[in-house]
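# A closer look at the structure
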Amino acid sequence: MEKIYAQVIINQFNHSIDKPFNYRIPVCLIKSIQIGQRVIVPFGMGNQKIDAFVINITNFCNITEGKIKDIEQIVEETPLLTKNQIKLACWMRNYYLCTYIEAIQVMIPSGLKIEKREMISLNREILDKTKKQKWSSSFDREFLQYLFHKKTEVELEEIKKRFPVKDLKKQIKRLQQKEYIFIRKDFRTKIKDKEEKYIALSGKYKDKGEYLKEIRKGAYKQKQVLEYLEHFPCNYREFRKKLKVTSSTLKPLLEKNLIKITSKIIFRNPYENKGFKNPSVSLTKEQRFIIDEFRKLANDSSQKILIHGVTGSGKTEIYLNMIEFMLNKKKQSILLVPEISLTPQMIERVMGRFGEQVSILHSGLSNGEKYDQWKKIKQGKSNIVVGARSAIFAPLDKLGLIIIDEEHEITYKSSNNPRYHTIQIAEKRCEIENCHLVLGSATPSMESYYKGKAGKYHLYELKHRVKNIPMPKIELIDMRNELKEGNYSILSNSLKKELYFNLENKQQSILFLNRRGYSTAVSCRQCGYLEKCPHCDVSLTYHFNGKKLICHYCGYSKLAPKICPVCKSKKIKYLGTGTQKVQTIVEKEFPNAKILRMDVDTTRKKGAHQRIINSFKNQEADILIGTQMIAKGLDFPNVTLVGVIIADTSLNLPDYNSAERTFQLMTQVAGRSGRGDLLGKVIVQTYQPNHYSLIHAKNHDYTHFYNDEIAIRKEMLYPPFKEIINIVFSSENEKDLIQQCYEFYMELINHTKKVKKDLQKDIYKPVPSPVSKIKSKYRWHMIIKTSYPNEFKEILRKIYHEYLNKSQMHISIDINPTSIL
DNA sequence: AGCACGCCGACT
DNA sequence: GTCGGCGTGCTC
């Protein structure tokens, strides 16, 4: 008989088991097993049961016959992974140097993770036989008594709480060996389908009166139940609440089959009854043109398109038209947005247009809601998925189009393993599933625009705004002049003047600063002592509320000193400006103005975010002060002034793309001004008013910015001309770390020499990371800038494994990092 | 990771 | 003589 094998990926994160394992498919499972399914297999010398994903089914394998074990069981009938997803995962493993299981895990909702529980129960038979035996220790006696009283099996975690002994596991194992107790391993998923119970008359009799005849005379409560249900068969929980019945009332009714309790799977819908409406609108010439072009292209195989459209040029309407076109071809679409919680308008518009067939996936949903949305997609009930980064993995099987809005946003790059970039995943997915990719942005990333120019993407420009609203006027203020003129305030005279003007005319203003807290550093004027975090290599930020010094990396906090801890001087200096300081200064300057602040500190509570936005939208405040989070997507029609307190914060970052980031940020912040009927104004304060990124932002001139920046990238051998690989080493022991990462470096050089001549000059020596210590771990890093990433990846995977085994340091590899900080 | 196997020191 | 400490190495 033909033997059949399955190749599986073990669901356990470890680099040394990162390969497919072969298992025999037992006869009873041959009919039902499918690629992509989750199975339980015995693994390792102890044959511990573990879940795994089937990635292939074959009729031969070259593993010694005696070694092969049988698959134990199938977890779900429906495969969790499609074949295309498996293909994608394999590609991700190679490209991002992650493990198979890391790549697989980003594709399935976390609620489906399997929880392994150990259930302990007493062997009552043995206990009877040895009743009079004295237990060797008091632990045994107490423990077995505890189990005896429990009657059912008990979860190990619960026992741990009751018996907080160090070697509990060992004790339990010993008792199991003596056969006093049983241990059963139980697998279950964290999240399950939500069920709701309903109660109704059983339908036993046609005539309602017949029901009442069956109950005991004087059973007043039972009668009430029957009469109620005659008119309102309903939700069980609500019913119990309303009629205040207990189970003792219902029990006889159930026994006589007069009533029935049924359960139904409920869809956890976070957008129920929102009633969004969004009819299609007439299009501008530019919009029409792009859509027509897309329709022509879309008949061909996989096409990639980049739309560069100024803010307000109506990209969303184009997306919706493309999705509609796909629907007519019976194809599905994914629409990605940078951070869905910040762009509720997008959800409104898509759901308003397409209704029930839309699924939403983002981090704001509960695990249960996420699972239900995923299930809906999996069952083929969704033709459109709107979501953040991870929605790129949505399990649609008739995918025709992927749209990535605001494609330049860094949120599209994952900061956890696998450190994927959504655009790359999208490109790969389009290749695998033969669908189209559309990228859109007002400030495309250098990489994407370069590809557009080089003809790798079809490039389209939207140069006009839909309502022909003029762009806001941007003014650059040289803060050095302010100092010369004796203005030491963080507010320039022009900004003050404009704020006054807006207050008087009841128009709203936004002040932007990319730094939270009050002061960014605290030091002593006398001896120069600087308050630093004991666990991280950063200065502590002073926070006004609580008068605390806080580390923004690890959260360490302490009270701000009144005197210098070193020289006892009282001359403590607060350096640098954060949003809190801006707030106090603005409050002082404009005592009558109502001010709101929006940053991580004021939005920590659930719903606080939306509350601040709504409050400002309803014009309950005159000035909104905030960080990054007010820069994106928000629409306040009455805002006519945006002030950037210091543009240099992002400009001075020692990162290869800091100019690009600044240009994007300035363009975005500026876009918050003048969205209504009134003309908008933007004031950008800086110490570098001649910097090209600021000048081009001022002129709303993407093209010239691109030309300047791309020239620098070319000269400096940065992306898109070379690929960057960033290898970060971290360890608590600094000495070992330095030594080991140098060893790693040498090893890499040696391997590289063998592969290709001159390749080693792409490797830069390891240096301390810009933040050289985080959470008590020292950090060094090493950069590779190369045109041969594949060659390097192959070598890296080898040495990486080797070093993970033999050294204590942690190694993290980031392919195409968006930041090397 | 988790588990077995193996090779050494401190106990009945 | 044995229990149990952790170092090593493998997992279809």
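Note that the coordinates shown come from a computational prediction; the quantities given were computed from them, not determined experimentally. (Residues numbered from 1 in each chain as written. Chains lettered and ligands numbered in written order. Predicted model: local features only at pLDDT ≥ 70, side-chain atom pairs only at ≥ 80, totals over all residues. Heavy atoms only, no water.)

### A look at the overall build of chain A
Helices and strands together make up the secondary structure of chain A, namely 27 helices and 34 strands. Its C-alpha atoms give chain A principal-axis dimensions of roughly 95 × 75 × 70 Å. The buried share of chain A, taken over its 821 residues, is 52%. Taking contacts inside chain A between residues at least 6 apart in sequence as the whole, the part at least 24 apart equals 73%. Summed over all atoms, the accessible surface of chain A reaches about 41000 Å², with 50% contributed by carbon and sulfur. For chain A, the centre of its 138 positive side-chain charges and the centre of its 89 negative side-chain charges are spaced 4 Å apart. (Helix = DSSP H or I, 4+ residues; strand = E, 2+ residues; numbered from the N terminus. Buried < 20%, exposed > 50% of the residue type's maximum accessible area, 1.4 Å probe, protein only. Contact = heavy atoms within 4.5 Å. Areas by Shrake-Rupley, 256 points an atom, 1.4 Å probe, with all protein chains shown as cover. Lys, Arg positive; Asp, Glu negative; His and termini not counted. Charge placed at Lys NZ, Arg CZ, Asp CG, Glu CD.)

### Thoughts on the protein's contact with DNA strand B
Taken together, the neighbourhood of DNA strand B is formed by Gln 12, Asn 14, Ser 16, Met 45, Gly 46, Gln 48 and Lys 173. Here the atoms of DNA strand B within 4 Å of the protein split so that 59% fall in sugar or phosphate, with bases taking the remainder. Contact distances for DNA strand B include 3.2 Å between a base nitrogen and a side-chain N or O atom of Gln 12. Separating a base nitrogen of DNA strand B from a side-chain N or O atom of Ser 16 is a distance of 3.3 Å. In the surface near DNA strand B, the residues fall into one nonpolar, five polar and one charged. (Near = heavy atom within 4 Å. Polar contact = N/O pair within 3.5 Å; in protein donor to acceptor, adjacent residues only side chain to side chain. Nonpolar A, V, L, I, M, F, W, Y, C, P; charged D, E, K, R; others polar.)

### As for the sheet that holds strand 10 (residues 194-201)
With respect to topology, three strands assemble into an open sheet ordered 11-10-12, the strand pairing being antiparallel. Each edge of the open sheet carries a strand with a single partner, namely strand 11 (234-235) and strand 12 (259-266). Bridging between strand 10 and strand 11 involves two bridges; their strand directions are antiparallel. For Ile 199, the partnering residue across the bridge sits in strand 11 and is Cys 234. Contacts from helix 11 (residues 247-255) reach strand 10 and strand 12 within the one sheet, and its direction differs from that of strand 12 by about 100 degrees. (Pairing = 2+ DSSP bridges. Axes fitted to C-alpha atoms, helices over the stretch in contact; angles between N-to-C directions.)

### Points about a nonpolar patch on the surface
Taken together, the side chains of Leu 483, Tyr 488 and Tyr 687 make up a nonpolar region of the molecular surface, amounting to roughly 350 Å² of accessible area. As for its placement among the helices and strands, Tyr 488 is situated in the loop between helix 18 (479-484) and helix 19 (493-504). (Patch = residues over 30% accessible without salt bridge, like charges linked within 9 Å, V, L, I, M, F, W, Y side chains within 5 Å. Salt bridge = Lys/Arg side-chain N within 4 Å of Asp/Glu carboxyl O.)

### With respect to the domain arrangement of chain A
Along its sequence, chain A is organised into domain 1 (5-80), domain 2 (116-189), domain 3 (285-465), domain 4 (473-516 + 579-715), domain 5 (517-577) and domain 6 (723-815). Summarising the inter-unit geometry, the C-alpha centres of domain 5 and domain 6 are found 34 Å apart. At the interface, seven residues of domain 5 touch eight residues of domain 6. Both sides together, the interface formed by domain 5 and domain 6 hides about 580 Å², and carbon and sulfur atoms give 54% of it. When the area that domain 5 buries against domain 6 is broken down by residue, the three leading residues are His 535, Asp 537 and Tyr 553, summing to 70%. The tally of links from domain 5 across to domain 6 stands at zero salt bridges. At the boundary of domain 5 and domain 6, one finds five residue pairs in polar contact (both at pLDDT 80 or more). Residues belonging to the side of domain 5 that touches domain 6 are distributed by class as follows: five nonpolar, one polar and one charged. (Domains from an automatic or database assignment. Buried area = accessible area lost by both parts, 1.4 Å probe.)

### Let's talk about the pairing of strand 2 (residues 21-24)
Residues Phe 21 and Tyr 23 line one face of strand 2 and the alternating positions Asn 22 and Arg 24 line the opposite face, and both faces are buried. Sheet topology places strand 1 (residues 5-10) next to strand 2; four bridges connect them, and they run antiparallel. Note that in strand 2 the partner of Tyr 5 across the bridge is Arg 24. Summarising the sheet, strand 2 and strand 5 (residues 69-70) pair through two bridges and their orientation is parallel.

### Considerations on the side chain of Glu 409
Relative to the helices and strands, Glu 409 resides in the loop between strand 17 (399-405) and helix 16 (422-433). The exposure class of Glu 409 is buried, given its relative accessible area of 6%. At a separation of 2.8 Å, a polar atom in the side chain of Glu 409 contacts the side chain of Gln 668. Beyond its immediate stretch of four places on either side in the chain, Glu 409 contacts Pro 338, Lys 632 and Gln 668.

### Some words on the environment of Lys 296
Note on placement: Lys 296 falls in helix 12 (residues 285-297). Note on Lys 296: relative accessible area 57%, which makes it exposed. Sequence separation between Lys 296 and Asp 186 is 110 residues; the distance between their C-alpha atoms is 55 Å.

### A look at the protein's contact with DNA strand C
In the region of DNA strand C, 15 residues are neighbours, and Asn 22, Tyr 23, Lys 67, Lys 69 and Lys 170 sit closest. Lys 67 places a side-chain nitrogen or oxygen 3.1 Å from a phosphate oxygen of DNA strand C. Of all the secondary structure elements, the ones that give two or more residues to the surface near DNA strand C are strand 2 and strand 3 (38-43). Tallying contributions element by element places strand 2 first for the surface near DNA strand C, with three residues. The residue inventory of the surface near DNA strand C, partitioned by class, reads eight nonpolar, three polar and four charged.

### Thoughts on the packing of aromatic side chains
Per the stated rule, a full pass over the model turns up 26 aromatic pairs. Where Trp 91 meets Tyr 96, the ring centres are 6.0 Å apart and the plane angle is 85 degrees; that geometry is what we call edge-to-face. Summarising the aromatic geometry, the rings of Phe 663 and Phe 705 are spaced 4.3 Å apart at their centres and angled 5 degrees between planes, so their arrangement reads as stacked. Pair noted here: Phe 663 is in helix 23 (residues 658-670) and Phe 705 is in helix 25 (residues 702-716), with a separation of 42 residues, a long-range link. (Phe/Tyr/Trp six-rings, centres within 6.5 Å; stacked < 30°, edge-to-face > 60°.)

### A word on the UniProt feature "binding site: Zn(2+) 1" (unreviewed entry) in chain A
According to UniProt, the positions carrying the feature "binding site: Zn(2+) 1" (unreviewed entry) are Cys 524, Cys 527, Cys 564 and Cys 567. Judged by maximum C-alpha separation, these annotated positions cover 44 residues in sequence but sit close together in space, the widest gap being only 8.6 Å. Residue placement: Cys 524 occurs in strand 22 (residues 521-524). Once residues lying within four places of it in the same chain are set aside, the contact partners of Cys 524 are Tyr 529, Cys 564, Cys 567, Ser 569 and Lys 571. The exposure class of Cys 567 is partly exposed, given its relative accessible area of 29%. If sequence neighbours within four positions are ignored, Cys 567 has contacts with Cys 524, Gln 526 and Cys 527. (UniProt positions renumbered as here; feature names shortened; annotations may be inferred.)

### Side note on helix 26 (residues 734-755)
Its 22 residues place the ends of helix 26 32 Å apart at the C-alpha level, agreeing with the 32 Å of an ideal helix rising 1.5 Å per residue. Along its buried surface, helix 26 packs onto strand 31 (723-731), strand 33 (777-786), helix 27 (789-806) and strand 34 (810-815). Backbone nitrogen of Lys 735 and a side-chain oxygen of the N-cap are separated by 3.1 Å at the start of helix 26; the cap is Asn 733. (Expected span 1.5 Å × (residues − 1).)

### Re the pairing of strand 29 (residues 639-644)
With six of six residues buried, strand 29 is to be regarded as a mostly interior element. As paired elements, strand 21 (residues 508-512) and strand 29 share five bridges and run parallel to each other. Looking at the pairing, Phe 512 lines up with Val 644 of strand 29.

### A few points about the sheet that holds strand 25 (residues 557-559)
On the basis of which strands lie adjacent, the open sheet formed by three strands has the order 23-24-25 and antiparallel pairing. Each having just a single partner strand, strand 23 (541-543) and strand 25 make up the two edges of the open sheet. On average, each strand axis in the sheet is inclined to that of its neighbour by 30 degrees, with strand direction left out of account. One ladder, built from three bridges, connects strand 24 (residues 548-550) with strand 25; its direction is antiparallel. Along strand 25, the bridge assignment pairs Ile 550 with Ser 557.

### Digging into the side chain of Asp 18
If you trace the backbone, Asp 18 turns up in the loop between strand 1 and strand 2. Residue class for Asp 18 comes out buried when judged on its relative accessible area of 10%. Among the polar contacts listed, one links the side chain of Asp 18 to the side chain of Arg 93, at a separation of 2.4 Å. In terms of polar contacts, Asp 18 uses its side chain to reach the backbone amide nitrogen of Tyr 100, at 2.8 Å. Those residues in contact with Asp 18, other than ones at most four positions away along the chain, are Arg 93, Cys 98, Thr 99, Tyr 100 and Arg 797.

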